[in-house]
Amino acid sequence: MKQAACALTIAGTDPSGGAGIQADLKTFQELQSYGMSVITSIVAQNTTGVKSVHHLPIEMLKDQLEAISSDMPVHAFKTGMISNVSMMKAVAEWVPQVSAPYVMDPVMVAQSGDPLIEEESRVWLRENLLPLTSLVTPNIPEAEDILGESMESSEDMKEAAQQMVTRFGAGAALVKGGHMKGEAVDFLYDGSEIHTFTSERIDTKNTHGTGCTYSAAITAYLSQGLPLVEAVKQAKYFVTEAIRHSFNLGNGSGPTNHFATREEVFNKWF
Ligand SMILES: Nc1ncnc2c1ncn2[C@@H]1O[C@H](COP(=O)(O)OP(=O)(O)O)[C@@H](O)[C@H]1O
Ligand SMILES: Cc1ncc(COP(=O)(O)OP(=O)(O)O)c(N)n1
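Basis of the calculations
- Position numbers for residues start from 1 in each chain and track the written sequence from start to end.
- Starting at A for chains and at 1 for ligands, labels are handed out in the order in which the entities are written.
- Whole-chain, interface and lining totals are the exception, using all residues; otherwise, since this is a predicted model, local features are given only for residues with pLDDT of at least 70 and side-chain atom pairs are given and counted only at 80 or more.
- Defining nearness, a residue is near a molecule or strand when the C-beta atom obtained from its backbone falls within 6 Å of it.
- In this description a helix means any DSSP run of H or I spanning at least four residues, a strand means any run of E spanning at least two, and both kinds are numbered starting from the N terminus.
- Each residue is assigned to one class: nonpolar for Ala, Val, Leu, Ile, Met, Phe, Trp, Tyr, Cys and Pro, charged for Asp, Glu, Lys and Arg, and polar for all the others, Gly among them.
- Paired strands, in this sense, are two strands between which DSSP finds at least two bridges.
- UniProt positions are given in the numbering used here, feature names are shortened, and annotations may be inferred rather than shown by experiment.
- The nonpolar core criterion groups buried Ala, Val, Leu, Ile, Met, Phe, Trp, Tyr and Cys residues into a set whenever they are joined through C-beta atoms within 7 Å.
- We call a residue exposed when 12 or fewer other C-beta atoms sit within 10 Å of its C-beta, buried when the count reaches 20 or more, and partly exposed for counts in between; the C-beta positions come from the backbone.
- What counts as a contact here is a pair of residues whose C-beta atoms, placed from the backbone, lie within 7 Å.

A.B. asks: Which residues make up the site of ligand 1, and what values do they have?
C.D. replies: Close to ligand 1 lie 19 residues, the nearest being Asn139, Lys176, Gly178, Ala184 and Gly211. Within the residue set of the shell around ligand 1, elements represented by two or more residues are β9 (184-189), α7 (210-223) and α8 (228-244). It is α8 that contributes the most residues to the shell around ligand 1, four residues altogether. For the shell around ligand 1, the class distribution of residues is five nonpolar, ten polar and four charged.

Next comes the structure, spelled out in structure tokens:
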């Protein structure tokens, strides 16, 4: 019997289904990895913003992590929203138990501008969690936050990707250009060279959950054994199509479409 590729997300929730755990599980399913999830925080949010956040007790987070590693295979995992140092410590202590690629989406602020991580945890994340990663996937504001420097150009993005690896110990770094003008260009530094991933910029306000979806797609492909550069290449295609066919739902920034690449539904929907 063939073994399933198993992907795990450790993140917060989005009841409106566009970001967080919900986006990650949809992506894993769509890309045919067996999806598993450990919830850090329950977030009352939708396309317009965050109403309130409830952090699960640390023991509950530890129990969920233990439930996975004591029983299930993990072929790759990602983290999203980990709001405070106590939760980060629980994750950092657990990471060595699984020998699988670790993709960190260093979630800090929702698109609505609402903070998703406590101010003082940012330094802890950089100094203690970042060195455990196989890949970190910051957008421009997150990269600026981690490095403490502002970024304006492609050269700044490439430099930032290199610094995440050489100065802060990430395994690799993908700096995403969704917040820049012009084409949507992302730069990956894999420890030896810079790889560039480019797509056209799609004219839409409906990009809620793009970062979650992108990092989940990379995680799914890594769980299936793809090499990092190929995993990012295929994930970039997946997220671009998800944005191209995003849903105009809700009153704010609508969610991306996780089934956009399915041929059989394409004719029915688009
Ligand atoms: N309007 C858009 N058209 C095409 N690609 C986009 C658009 N906005 C973001 N992207 C791409 O989506 C991915 C997520 O990037 P980004 O929006 O920067 O992350 P985040 O959601 O974490 O802020 C990147 O590959 C980025 O280039
Ligand atoms: C629970 C939760 N995690 C992460 C985010 C941020 O998601 P991201 O993919 O970066 O997308 P936007 O912030 O651009 O919507 C979130 N909102 N909730």
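This is not the end of the story, as more comes after the structure.
A.B. asks: Pulling in residues and values, what's your account of the pairing of strand β10 (residues 194-199)?
C.D. replies: Pairing geometry for β9 and β10, over six bridges, is antiparallel. Pairing of Leu188 across the sheet is with His195, part of β10.

A.B. asks: Summarise the site of ligand 2; cite the residues concerned and give the values.
C.D. replies: In the vicinity of ligand 2 there are 19 residues, among which Gly12, Gly20, Gln111, Gly211 and Cys212 approach most closely. Contributions of two or more residues to the shell around ligand 2 are made by β3 (41-46) and α7. A total of three residues in the shell around ligand 2 trace back to one element, the largest contributor, which is α7. Its residues assigned to classes, the shell around ligand 2 shows eight nonpolar, ten polar and one charged.

A.B. asks: Give me the lowdown on the UniProt feature "domain: Pyridoxamine kinase/Phosphomethylpyrimidine kinase" (unreviewed entry) in the protein, citing residues and values where you can.
C.D. replies: Mapped onto the present numbering, the UniProt feature "domain: Pyridoxamine kinase/Phosphomethylpyrimidine kinase" (unreviewed entry) falls at residues 14-257. In this annotation, residues 14-257 is assigned 39% helix and 18% strand; the end-to-end C-alpha distance for the span is 15 Å.

A.B. asks: Before we move on, could you go through the nonpolar core and cite the residues and values that matter?
C.D. replies: Residues Ala161, Ala173, Ala217, Ile218 and Ala235 are the most contacted members of the largest nonpolar core, which totals 71 residues. Excluding its chain neighbours within four sequence positions, the residues that come into contact with Ile218 are Val103, Leu135, Ala231, Val232 and Ala235.

A.B. asks: Break down the environment of Asp14 for me, with residues and values.
C.D. replies: As for its position among the elements, Asp14 is in the loop between β1 (6-11) and α1 (20-30). As a C-alpha pair, Asp14 and Val50 span 36 residues in sequence and 9.2 Å in three-dimensional space. What Asp14 contacts, discounting residues up to four positions off in sequence, is Ala19, Gly20, Gln22, Ala23, Val43 and Gln45.

A.B. asks: With reference to specific residues and values, describe the environment of Leu132.
C.D. replies: Inspection of the secondary structure puts Leu132 in the loop between α4 (121-129) and β7 (135-136). Owing to 16 C-beta atoms within 10 Å, Leu132 belongs among the partly exposed residues under this scheme. In this structure, Leu132 is in contact with Ala92, Val95 and Tyr102, ignoring residues within four places of it in sequence.

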